[in-house]
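# Working through the structure, step by step
Below, each chain spelled out in residue letters.
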Amino acid sequence: MVKLDEKMKTAFSKVKIFPVATASKDGVPNVVPIGFCQLVDDETIWIADNFMLKSLANLKENPNVAVYVWGPDTGGCFQIKGKADIIDSGEKFEKMQSIVHAAKPGLPAKTLIEVEITEVFQCAPGPDAGKKLL
């Protein structure tokens, strides 16, 4: 597993909406804006599935996911890649549901997408664009 450094964790904490990309088993891409994307620890991200249709179908076929981290206060941008696990019961699922419902009581919080971070890449323009950071 890959662990985010302090600068990356700080940038992650400042983002409000995360573009999250998935692909079907045939490679058909999909990207959606996700409001509930939480860094659980240095190497794990939780994504709440409130309204996923194509993304969830893609993850069932292909667990690879990418999360783009950028915002006006992040001081840069990077892309996190990882492997997703779909969780719809148990302690982690219930904890995610309670966090989502506390923040926005009307959201369904249907499933938890737990992402194990496997790679991080530079996204800022310049000579290091696309460079593997972790």
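Let me begin by describing the structure that accompanies this report. (Residues numbered from 1 in each chain as written. Predicted model: local features only at pLDDT ≥ 70, side-chain atom pairs only at ≥ 80, totals over all residues. Heavy atoms only, no water.)

A tally of regular secondary structure across the chain gives three helices and seven strands. At 14 Å, the chain has a C-alpha radius of gyration in line with the 14 Å of a compact globule built from 134 residues. In terms of its C-alpha atoms, the chain occupies a principal-axis envelope of roughly 45 × 35 × 25 Å. A burial count over the chain gives 40% of its 134 residues as buried. Accessible surface, the chain: about 7,500 Å² in total, of which carbon and sulfur atoms supply 55%. Measuring between centres, the 16 positive side-chain charges of the chain sit 5 Å from its 17 negative side-chain charges. (Helix = DSSP H or I, 4+ residues; strand = E, 2+ residues; numbered from the N terminus. Rg over C-alpha atoms; globule rule 2.2 N^0.38 Å. Buried < 20%, exposed > 50% of the residue type's maximum accessible area, 1.4 Å probe, protein only. Areas by Shrake-Rupley, 256 points an atom, 1.4 Å probe, with all protein chains shown as cover. Lys, Arg positive; Asp, Glu negative; His and termini not counted. Charge placed at Lys NZ, Arg CZ, Asp CG, Glu CD.)

I47, V69 and I80 are the most contacted members of the largest nonpolar core, which totals 25 residues. Membership of the second largest hydrophobic core comes to nine residues, among which are F36, A48, F93 and V100. (Core = buried A, V, L, I, M, F, W, Y, C linked by side-chain atoms within 4.5 Å.)

A few words now on the layout of surface pockets. Looking at the largest pocket, its volume works out to about 380 Å³. Lining the largest pocket we find 19 residues, and of these I34, G35, F36, A48 and N50 sit closest to its centre. Of all elements in the fold, only β2 (29–34), β4 (44–49), α2 (54–61) and α3 (91–103) reach the threshold of two or more residues within the lining of the largest pocket. If you tally residues by element for the lining of the largest pocket, the top one is β2, at four residues. Of the residues contributing to the lining of the largest pocket, the split by class is 12 nonpolar, four polar and three charged. (1 Å grid on protein atoms, 1.4 Å probe; cavity = no way out; pocket = protein on both sides within 12 Å on 5 of 7 lines; lining within 4 Å. Points joined across faces, edges and corners; volume = space filled by probe spheres on them. Nonpolar A, V, L, I, M, F, W, Y, C, P; charged D, E, K, R; others polar.)

All right, on to α2 then. Taken residue by residue, α2 has S55, L56, N58 and L59 as its buried positions. An end-on view of α2 places all buried positions within 160° of arc, on one side of the element. Exposed side chains of α2 directed beyond 90 degrees from the buried face belong to K54 and K60. Summarising the contacts, the buried residues of α2 are in contact with β1 (18–23), β2, β4, β5 (64–69), β6 (78–87) and β7 (111–122). (Arc of directions from axis to C-beta. Contact = heavy atoms within 4.5 Å.)

Right, let's talk about the sheet that holds β2 for a bit. With antiparallel pairing, seven strands are arranged side by side in an open sheet as β2-β1-β5-β6-β7-β4-β3. The strands lining the two open edges of the sheet, one partner per strand, are β2 and β3 (37–41). With strand direction ignored, the average angle separating the axes of adjacent strands in the sheet is 30°. Here β5 pairs with β6 via six bridges, running antiparallel. The residue of β6 that forms the bridge with N64 is K83. Across the sheet, helix α1 (residues 6–13) is in contact with β1, β3, β4, β5, β6 and β7; its angle to β3 comes to roughly 145°. (Pairing = 2+ DSSP bridges. Axes fitted to C-alpha atoms, helices over the stretch in contact; angles between N-to-C directions.)

Interpretation in functional terms is not warranted from these geometric data alone.
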